[in-house]
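Single-letter residue listing:
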Protein chains: 2
Amino acid sequence: MNKRIVLARLAGSSPVPEDFRLEEVAMPSPGPGQVLIRVDHVSLDPYIASTLRGRHMSGGVPVGGVIPGEAVGTVVESRGDGLAVGDRVICRAGWQQFTVADIAPAGVAQGPLSLAAQKITLPDGVSYTSLLGVLGMPGLTAWAGTVKMLKPIPGDTFVVSAATGPVGATAGQLAKRMGARVVGIAGGPQKCAFAVETLGFDACVDHRDPDWVAKLAAACPDSIDCYYDGVGGRILEGVLGHLALGARVVLVGMMEQYKAPAPLPGPNLVPIIKFRATVEGLVVYDHWPDMPNFRRRVAPLVRDGQVIVREERVAGLEAAPDALIRLMDGGNFGKMVLDI
Amino acid sequence: MNKRIVLARLAGSSPVPEDFRLEEVAMPSPGPGQVLIRVDHVSLDPYIASTLRGRHMSGGVPVGGVIPGEAVGTVVESRGDGLAVGDRVICRAGWQQFTVADIAPAGVAQGPLSLAAQKITLPDGVSYTSLLGVLGMPGLTAWAGTVKMLKPIPGDTFVVSAATGPVGATAGQLAKRMGARVVGIAGGPQKCAFAVETLGFDACVDHRDPDWVAKLAAACPDSIDCYYDGVGGRILEGVLGHLALGARVVLVGMMEQYKAPAPLPGPNLVPIIKFRATVEGLVVYDHWPDMPNFRRRVAPLVRDGQVIVREERVAGLEAAPDALIRLMDGGNFGKMVLDI
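Keep in mind the model is a prediction, meaning the values are calculated, not measured.

Conventions we followed
Residues numbered from 1 in each chain as written. Chains lettered and ligands numbered in written order. Predicted model: local features only at pLDDT ≥ 70, side-chain atom pairs only at ≥ 80, totals over all residues. Heavy atoms only, no water. Pairing = 2+ DSSP bridges. Helix = DSSP H or I, 4+ residues; strand = E, 2+ residues; numbered from the N terminus. Axes fitted to C-alpha atoms, helices over the stretch in contact; angles between N-to-C directions. Parallel < 35°, antiparallel > 145°, perpendicular 65-115°, else oblique. Contact = heavy atoms within 4.5 Å. Nonpolar A, V, L, I, M, F, W, Y, C, P; charged D, E, K, R; others polar. Phe/Tyr/Trp six-rings, centres within 6.5 Å; stacked < 30°, edge-to-face > 60°. Lys NZ or Arg CZ within 6 Å of the ring centre and 35° of its normal. Buried area = accessible area lost by both parts, 1.4 Å probe. Salt bridge = Lys/Arg side-chain N within 4 Å of Asp/Glu carboxyl O. Polar contact = N/O pair within 3.5 Å; in protein donor to acceptor, adjacent residues only side chain to side chain.

Draft legend 1. Structural view of the sheet that holds strand β13 (residues 278-281) of chain B. An order of β10(A)-β9(A)-β8(A)-β11(A)-β12(A)-β13(A)-β13(B)-β12(B)-β11(B)-β8(B)-β9(B)-β10(B) is seen for the 12 strands of this open sheet, with the pairing classed as mixed. Two strands in the sheet have a free side with no partner beyond their single neighbour: β10 (203-206) of chain A together with β10 (203-206) of chain B. When strand polarity is set aside, the average angle formed by the axes of neighbouring strands in this sheet is 15°. Where strand β12 (residues 243-251) of chain B and β13(B) come together, four bridges link them in parallel fashion. Across the sheet, B:V250 pairs through a bridge with B:E280, a residue of β13(B).

Pasting the structure below:
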């Protein structure tokens, strides 16, 4: 039998336990050119909450459909060339124990939304699960926004929200290596301490502190040259007021939106004019062709402990809904990975 | 005696008649190196309303201070070299019949906030008042945002708000000459007809129509590649939803803000991510060094009727407060010039 978690009903604002249903179904069977995969690790990411409401750009989940998610798995049956039993693969398996997938043709880059199983070539000295976080979609998102778009230079003050998540932590550490002064924004003193002590940020401000905007300004005495934002809303508003002249802002996500019942108004935009700022939107799918380049450069840094992303591991399919709910409330601490 | 209009009290949201006071004072007297100027034409612009609340970046007006404004005048007494009686000058005279000003040194470009009087070298075949509109600060604002920042190319759909004002009308006509398809947004059928029939825009949508967003989308079947915005708020929100992938947006003003008692929330920013848009803020002061280049290129187009800006002339200092109030409500039609 195959256990899986499906969407019980279209989610409202933040996901709640009643949105999910665990079910057991017959073991799927691979057709010609396909493999049966045992799912080992599933990535939990904020975008998933949007798909549960039917409004993410990667597509919505139909009621009764398996909750989506990138995964690392192991081939247990193969009916095609290119993948053999025991091979480790990456695929969009979703929240289930087993899945059937097409075999991705060798040497052909798969798009970010491809459901085909791709054989993992693991860079030296890194873990399989890093391919779901610091060396996967979140890491590439950080790379694209930091290295390709914001391009911090020595002397820049670089601010990043959700600073201990896999995107923010990678963005901040890359900016630090590019010579910037890096200031994080995170929820709670524990995360802030981690950002400074472990990730090597110059400062980190707790956005749960009522005075956080004043503390951010104090931590950025030369104003903010680059802002990498995955949160939007009041966090973005607080940062915009302290931009430097000619500042660059990348918007990569609107975490606050994902939990709201309807689209929220944005921050006041006068500072964009006042500071002659440039604001750009980032969708990681556009940067997929850069994945090999990104991995080639960042994997050695991960191996050597120069780029760190903390993982929070959650055990068992049954724990997935609560873990996603916690992720959406900022109650996680680091990249969330579900071990099946 | 010199008549002038001063700020009677710090303005609240939109200016009201009680914010202004007409007073008569002794005729000012030029010192060495100064001239006495008879003010002929004063430019009425939206930024003035912000100064009355003490919060424009050019500085606020103190209570009792003369309401600011760029002006064209005539030298009636000179106590320095470089300007003689009868010379026409441009200066920041404000709302008064006479003013005293330093003589700007010959051949030295004056900054946008300089109070010195600069001798006018009038390009062939244009009017003095065009230097306050299509060939002045509003025109340069349009030039900077369109030619230097948005850079529309043939095939682009270029949308501009406040389409019949001196900024919007110039921006749209420049974009048209650069090969774009130009769609205006304006208040009322008369302005929309003018934008299409006289300015040569491809379409113009009346934002007072409750269905204006749907009509904008219909007028932009290939989505919106460039958006030049001086309004912000609900107009910006409506446009953002119909951007093309990789769209560019320039924010040059927030007309809606200028009338509000407190800073307003902005539009939802998810479309910036969804469409991978780039949003930039424009302050015309940064582009002042480009004024000669802009005038050299655009003055012949104005002379030949290829770039048109409609003027609305208002007569007499006493009429200025109502004219500014009307401007802030969109009740004007074209560039507002006060004839003293």
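Draft legend 2. A look at the packing of helix α2 (residues 137-150) of chain A against helix α9 (residues 291-303) of chain A. Residue and element names in this part refer to chain A. Direction vectors running N to C along α2 and α9 enclose 90°, while the axes themselves pass 10 Å from each other. The orientation of α2 with respect to α9, classified from their angle, is roughly perpendicular. For the pair formed by α2 and α9, the contact residues are M137, G139, L140 and W143 on the first element and M291, N293, F294, R297 and V298 on the second. Split into classes, the residues belonging to the contact of α2 with α9 amount to six nonpolar, two polar and one charged.

Draft legend 3. A look at the packing of aromatic side chains. All names here are of chain A. Taken as a whole and judged by the stated rule, the model has six aromatic pairs over all chains. Ring geometry for F194 against F333: centres 5.4 Å apart, planes inclined by 85°, an arrangement best described as edge-to-face. With F194 in helix α4 (residues 189-197) and F333 in the loop between α10 (320-328) and β15 (335-339), the pair connects residues that are 139 residues apart, well separated along the chain. Its end group placed over the ring of F194, R310 keeps NZ or CZ at 5.7 Å from the ring centre.

Draft legend 4. Main features of the interface of chain A and chain B. Taken together, the 27 residues of chain A in the interface contact 27 residues of chain B. Taken over both partners, the interface formed by chain A and chain B buries close to 2,200 Å², and the fraction arising from carbon and sulfur atoms is 64%. A per-residue breakdown of the area chain A buries against chain B is headed by A:L269, A:I273 and A:R276, which together make up 30% of the total. Where chain A touches chain B, the interface holds two salt bridges. Here B:D286 and A:R276 are joined by a salt bridge, their closest N and O atoms 2.6 Å apart. Counting the contacts that link chain A with chain B gives 12 residue pairs in polar contact (both at pLDDT 80 or more). Mapped onto the side of chain A that touches chain B, the elements with two or more residues apiece are α8 (270-274) and β13 (278-281) of chain A. When grouped by side-chain class, the residues that make up the side of chain A that touches chain B number 17 nonpolar, six polar and four charged. Where β13(A) meets β13(B), three bridges bridge the pair, whose relative direction is antiparallel. Considered in β13(B), the bridge of A:T278 is made with B:E280.

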